[in-house]
Amino acid sequence: MRPIFVIHDIAHARAALAAAAEAGVAVTLVSAPAAAAYLGAAVFREMVAEAAREAPGVGVTAMIDCGDDAGLALNALRHGLKAIRLRACPEAMAAVADIAHQLGAHIDPDPAAPALDLLDRPDAQAACRAWLLGHLPGAD
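An account of the accompanying structure is given in this report. All figures in this text were calculated on a predicted structure; none of them were measured in a lab.

## Here we look at the pattern of salt bridges
So, point 1. Summed over the entire model, instances satisfying the criterion amount to 6 salt bridges.
So, point 2. Put simply, E54 and R14 hold a salt bridge, and the shortest N to O gap is 2.8 Å. Of this pair, E54 sits in the loop between α2 (41-53) and β3 (60-65) while R14 sits in helix α1 (residues 10-23), and the two are 40 residues apart along the sequence.
So, point 3. Under the relative-accessibility criterion, E54 is labelled partly exposed at 44%.
So, point 4. Between R45 and E46 there is a salt bridge whose closest N-O contact spans 3.0 Å.
So, point 5. Judged by relative accessible area, E46 falls into the partly exposed class, the value being 39%.

## A look at helix α3 (residues 70-78)
So, point 1. Looking at α3, one finds that the buried residues are A70, A73, A76 and L77. One side of α3 carries all its buried residues, which in axial view fall inside an arc of 115°.
So, point 2. Taken together, the buried residues of α3 touch α2, β3, β4 (83-85) and α4 (90-102).
So, point 3. Between a side-chain oxygen at the N-terminus of α3 and the backbone nitrogen of G71 the separation is 2.9 Å; the capping residue is D69.
So, point 4. Downstream of α3 by a residue or two, G80 has a phi angle that is positive, lying close to 90°.

## With respect to the side chain of H12
So, point 1. As for its placement among the helices and strands, H12 is situated in helix α1.
So, point 2. Residue classification places H12 among the buried positions, given a relative accessible area of 9%.
So, point 3. Reaching out from H12, the side chain makes a polar contact with the backbone oxygen of L118 at a distance of 3.1 Å.
So, point 4. With near-sequence residues (within four places) excluded, H12 lies in contact with I7, L118, L119 and A124.

## Some points on the nonpolar core
So, point 1. One finds F5, I7, L29, I64 and I84 to be the most contacted residues of the largest nonpolar core, which totals 42 residues.
So, point 2. Residue contributions to this core peak at 6 residues, all from α1.
So, point 3. If we ignore the near neighbours within four places in the chain, the residues touching F5 are A16, V27, T28, L29, V30, L116, L118, C128, W131 and L132.
So, point 4. Core analysis: the next-biggest nonpolar cluster, separate from the first, contains 5 residues, I4, V30, M63 and A83 among them.

## Observations regarding the environment of R85
So, point 1. Among the structural elements, R85 can be located in strand β4.
So, point 2. Since its relative accessible area comes to 6%, R85 is described here as buried.
So, point 3. Considered as a pair, R85 and H106 are 21 residues apart in the sequence and their alpha carbons are 8.7 Å apart.
So, point 4. There is a polar contact of 3.0 Å between the side chain of R85 and the side chain of D108.

## Examining the sheet that holds β4
So, point 1. Here 6 strands make up an open sheet; going across it, the order is β5-β4-β3-β2-β1-β6 and the pairing parallel. At either end of the open sheet lies a strand with only one pairing partner, and these are β5 (106-108) and β6 (116-117).
So, point 2. Bridging between β3 and β4 involves 3 bridges; their strand directions are parallel. When the bridges of β4 are listed, I64 appears paired with I84.
So, point 3. Contacts from α2 reach β1 (4-7), β2 (27-31) and β3 within the one sheet, and its direction differs from that of β3 by about 155°.

About the thresholds
- Each chain has its residues counted from 1, following the order in which its sequence is written.
- A pLDDT threshold of at least 70 governs which residues receive local features in this predicted model, and a stricter bar of 80 or more applies before side-chain atom pairs are shown or counted, although totals over entire chains, interfaces and linings include all residues.
- Excluded from the side-chain calculations are hydrogens and water; all other atoms, namely the structure's heavy atoms, are used.
- Between Lys or Arg on one side and Asp or Glu on the other, a salt bridge is scored when a side-chain nitrogen of the former is within 4 Å of a carboxyl oxygen of the latter.
- A helix here means a DSSP run of H or I that spans at least four residues, while a strand means a run of E at least two residues long, and both kinds are numbered starting from the N terminus.
- Using a 1.4 Å probe on the protein chains alone, a residue whose accessible area is under 20% of its type maximum counts as buried, one over 50% counts as exposed, and one in between counts as partly exposed.
- In this context, the arc is that of the directions from the helix axis out to the C-beta atoms.
- Here, residues are in contact when the closest pair of their heavy atoms is within 4.5 Å.
- Polar contact is defined as a pair of N or O atoms within 3.5 Å, subject to the rule that within protein one atom must be able to donate a hydrogen and the other to accept it, and that residues adjacent in sequence are counted only when both atoms are side-chain atoms.
- Only buried residues count toward a nonpolar core, which is a set of Ala, Val, Leu, Ile, Met, Phe, Trp, Tyr and Cys residues joined through side-chain atoms within 4.5 Å.
- Here, any two strands with at least 2 DSSP bridges between them count as paired.
- In this analysis, axes come from line fits to C-alpha atoms, helices being fitted only over the stretch in contact, and the angle between any two N-to-C directions falls in the range 0 to 180 degrees.

Have a look at this one:
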């Protein structure tokens, strides 16, 4: 499983990808909870893409959190995001998951995976480095 960072802005994305480049690992950048409602899929996609251009060679998955709104998840898929976090009713989850599968995307219903939230971190890159050291295979 890739290390996961919860990002709130492009500075967080840059910090996480710089730390990932130093560690030589691929990472997942997840938006803040329900960020699809106020940030939007296109803005999130471009924010991660801009940071990724500054860290060539680092594998990155951009995952937007759509809360419980299946419509926002469908919008994210229309904007080309391949990883969506959604916590909706079973019927909506099944319908969105089917569409996502057809588009080569996936739905992550479990926000419980270990992640480093970069909110209120004065030195996000140092926090990312330290967190990666503690979560990489073989790190003691």
